[in-house]
Amino acid sequence: MYNFDEIIDRRHTNAMNTDGFRNYIFHADETMTFPYKDEEFIRMWVADMEFATPDVVIDGIKERLEKRIFGYTRVFENSYYEAFANWCMKRYGWTFDKNQLVMSNGIIPALYELVDYICKEDEKVLFLTPSYAYFKYAADFNHRKSVCSNLINEDGYYTIDFEDLERKAADDKTTLFIFCNPHNPTGRVWKEDELKKIGRIIKRHQLWVISDEIHCDLIRLNQTHIPLGKIMPDYKKLVTCMAPSKTFNMAGLMLSHIIIREESLREIWLNRHYNFDNPLSIAAAQAAYEKGEIWLEELRAYLDENFRFTQEYLLQNLPKAKFKVSEATYLAWVDLSSYFEKDENLSLFFAYRAGVLLEGGDMFVQNSDGFIRLNLACPKSVLEEGLRRICEAVNTKHNEDTSDQNIN
Ligand SMILES: Cc1ncc(COP(=O)(O)O)c(C/N=C2\CONC2=O)c1O
């Protein structure tokens, strides 16, 4: 029913994806040049999708446009809460009280605020690594120390080092655990037994926990997401973050759900946060949750095929690469450490040598050397060209390195 093969021109839309890469990836300005024109790059970096936002979302926005007044707005209508709460109940068998729901323009700004509200100045923020860098930035911005617990890489499948995590959680100065569920960039969907172990550690050490579940709708067809709130139904010091932004490719509409159980923290949020929202974003999100399921299921099937294709392509063309299909997200986490030195700037290599924009291991805090992260949420034809260029560039380099070794 939906055409995910369609290539949509995103130029001149002020998109980070097309216009923000020099600054975000390379900390450079527009003067940075490459042997490719901007429009010649295959863009596999920032986590938004090359697919049209669902028609039902666009129709929801159009319907609100026809009301023609866009004054100060926040979520008052019960129908909005019911749309999102019903979505959570239907898909995850979990929901929450309406009064626990607050809105944020994004999960990143929510993390920045919550670290400040939760952690005292000499307290620390704990998270699993490799990690989405903004977990560290949220601590840095608030001058709180970060404590990292490295995941264990068992031949491409990542597991939690519970002994290490418990040891770090036991530090009285570590008061907040930012938990990525599902996990970016490894793509893990944490299973019930893992979540129960996490829950016991959190409870034993009375940690505050922010469960960032932004990727929870984008899981492989054979996977099931379990909200941490379902594992810890009575734990008050839990904040759950979810959003339609990743699921329905509407991150630019800047609307996220922050579910705060603890009343005192919620009060701080409501007193200090700017509690107004964009009326078009509210309409878009409500339409997505009420009518977006068919689109989402077709998207998930398309993404599963892109992952299958990627695994097959890498096996055939880059035999020393290690890659396991992500259980969640549309992000492929590929181990190229057999081809590169530990300190190689992989983003720079692939931008110059392949015309592919991607995020390299050094962008995920630690425990990520030699890895690249590929955004597979694009038409298959684009994915195939990106993989072709990546494999050609790596194999050419490998041959150059081998011939250099033979000469020396
Ligand atoms: C775990 C996680 N939390 C929060 C966010 C951002 O939430 P927002 O502020 O947009 O509501 C992202 C987006 N991840 C991105 C965005 O680009 N590259 C990534 O890895 C994410 O992966």
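Keep in mind that what you see is a predicted model, and the values were worked out from it rather than measured.

What's the story with the sheet that holds strand β9 (residues 238–242) in this structure? I'm lost.
By way of backbone hydrogen bonds, the strands of a sheet pair with one another, either parallel or antiparallel. Read from one edge of the open sheet, seven strands run β2-β10-β9-β8-β7-β3-β4, paired in mixed fashion. Each edge of the open sheet carries a strand with a single partner, namely β2 (101–104) and β4 (145–150). Each adjacent strand pair in this sheet contributes to an overall mean axis angle of 25 degrees, direction not counted. Judged from the six bridges that link them, strand β3 (residues 124–129) and β4 form a sheet pairing that is parallel. Following the sheet pairing, leucine 126 is matched in β4 by valine 147.

What exactly am I supposed to notice about the site of the ligand here?
Taken together, 15 residues lie near the ligand, and Ile107, Asn184, Asp212, His215 and Arg373 sit nearest. Residue alanine 47 places a main-chain N or O atom 2.9 Å away from an oxygen atom belonging to the ligand. Within the side chain of asparagine 184, an N or O atom sits 2.8 Å from an oxygen atom of the ligand. Protein burial of the ligand: of its 500 Å² of free accessible surface, 90% is covered by the chains. Looking at the shell around the ligand element by element, the count peaks at three residues for helix α5 (residues 107–118). When its residues are assigned to classes, the shell around the ligand shows eight nonpolar, four polar and three charged. Shared between two domains, the shell around the ligand takes at least three residues from each, and those domains are domain 1 (16–52 + 293–402) and domain 2 (55–291).

For this particular structure, what's the right way to read a nonpolar patch on the surface?
A cluster of nonpolar residues, Tyr72, Tyr274 and Phe276, forms a patch on the protein surface that exposes about 420 Å² of accessible area. By secondary structure assignment, the location of tyrosine 274 is in the loop between α11 (263–272) and α12 (279–291). Taking relative accessible area as the criterion, tyrosine 274 reaches 57% and is therefore assigned exposed.

What exactly am I supposed to notice about empty space enclosed by the protein here?
One water molecule sets the probe size; rolling that probe over the atoms shows where empty space is left. For the coordinates displayed, the defined rule picks out two cavities of 30 Å³ or more. Here the largest cavity defines a volume of roughly 130 Å³. In this structure, the largest cavity is lined by 16 residues; those nearest its centre are Gly156, Tyr157, Tyr158, Thr186 and Lys324. Elements represented by at least two residues in the lining of the largest cavity include exactly β6 (157–159) and β11 (331–335). Computed from the structure, the second largest cavity encloses a volume of approximately 30 Å³. Lining the second largest cavity we find Asn17, Arg43, Met44, Trp45, Val46, Asp48, Glu50, Asn375, Ala377 and Cys378. Taken together, the residues of the lining of the second largest cavity break down into five nonpolar, two polar and three charged.

I'm lost on the packing of aromatic side chains in this one. Help?
Two descriptors summarise a pair of aromatic rings, namely the distance from one centre to the other and the angle between the planes of the rings. Enumeration according to the criterion identifies 38 aromatic pairs in this entry. Note on phenylalanine 4 and tyrosine 302: the rings are 5.4 Å apart at their centroids and 45 degrees apart in plane angle, and the pair reads as tilted. With phenylalanine 4 in the segment before α1 (16–19) and tyrosine 302 in helix α13 (residues 293–317), this pair connects stretches of sequence that are 298 residues apart. As far as burial versus exposure is concerned, phenylalanine 4 and tyrosine 302 are alike and both buried. Aromatic side chains phenylalanine 84 and tyrosine 289 sit 5.1 Å apart centroid to centroid with 45 degrees between the ring planes, which places their arrangement in the tilted category. Remark: tyrosine 289 occurs in helix α12 and phenylalanine 84 occurs in helix α4 (residues 78–92); sequence separation between them is 205 residues. Under the relative-accessibility criterion, phenylalanine 84 is labelled buried at 1%. Judged by relative accessible area, which is 6%, tyrosine 289 ranks as buried. Through pairs of rings, three or more aromatic residues link up here, namely Tyr2, Phe4, Phe51, Tyr81, Phe84, Trp87, Trp94, Phe96, Phe248, Tyr289, Trp295 and Tyr302. Lying over the aromatic face of tyrosine 339, lysine 320 brings its terminal NZ or CZ to 5.6 Å of the ring centre.

About the thresholds
Residues numbered from 1 in each chain as written. Predicted model: local features only at pLDDT ≥ 70, side-chain atom pairs only at ≥ 80, totals over all residues. Heavy atoms only, no water. Pairing = 2+ DSSP bridges. Helix = DSSP H or I, 4+ residues; strand = E, 2+ residues; numbered from the N terminus. Axes fitted to C-alpha atoms, helices over the stretch in contact; angles between N-to-C directions. Near = heavy atom within 4 Å. Polar contact = N/O pair within 3.5 Å; in protein donor to acceptor, adjacent residues only side chain to side chain. Areas by Shrake-Rupley, 256 points an atom, 1.4 Å probe, with all protein chains shown as cover. Nonpolar A, V, L, I, M, F, W, Y, C, P; charged D, E, K, R; others polar. Domains from an automatic or database assignment. Patch = residues over 30% accessible without salt bridge, like charges linked within 9 Å, V, L, I, M, F, W, Y side chains within 5 Å. Salt bridge = Lys/Arg side-chain N within 4 Å of Asp/Glu carboxyl O. Buried < 20%, exposed > 50% of the residue type's maximum accessible area, 1.4 Å probe, protein only. 1 Å grid on protein atoms, 1.4 Å probe; cavity = no way out; pocket = protein on both sides within 12 Å on 5 of 7 lines; lining within 4 Å. Points joined across faces, edges and corners; volume = space filled by probe spheres on them. Phe/Tyr/Trp six-rings, centres within 6.5 Å; stacked < 30°, edge-to-face > 60°. Lys NZ or Arg CZ within 6 Å of the ring centre and 35° of its normal.

Note that all results are geometric; they support no functional claim without further evidence.
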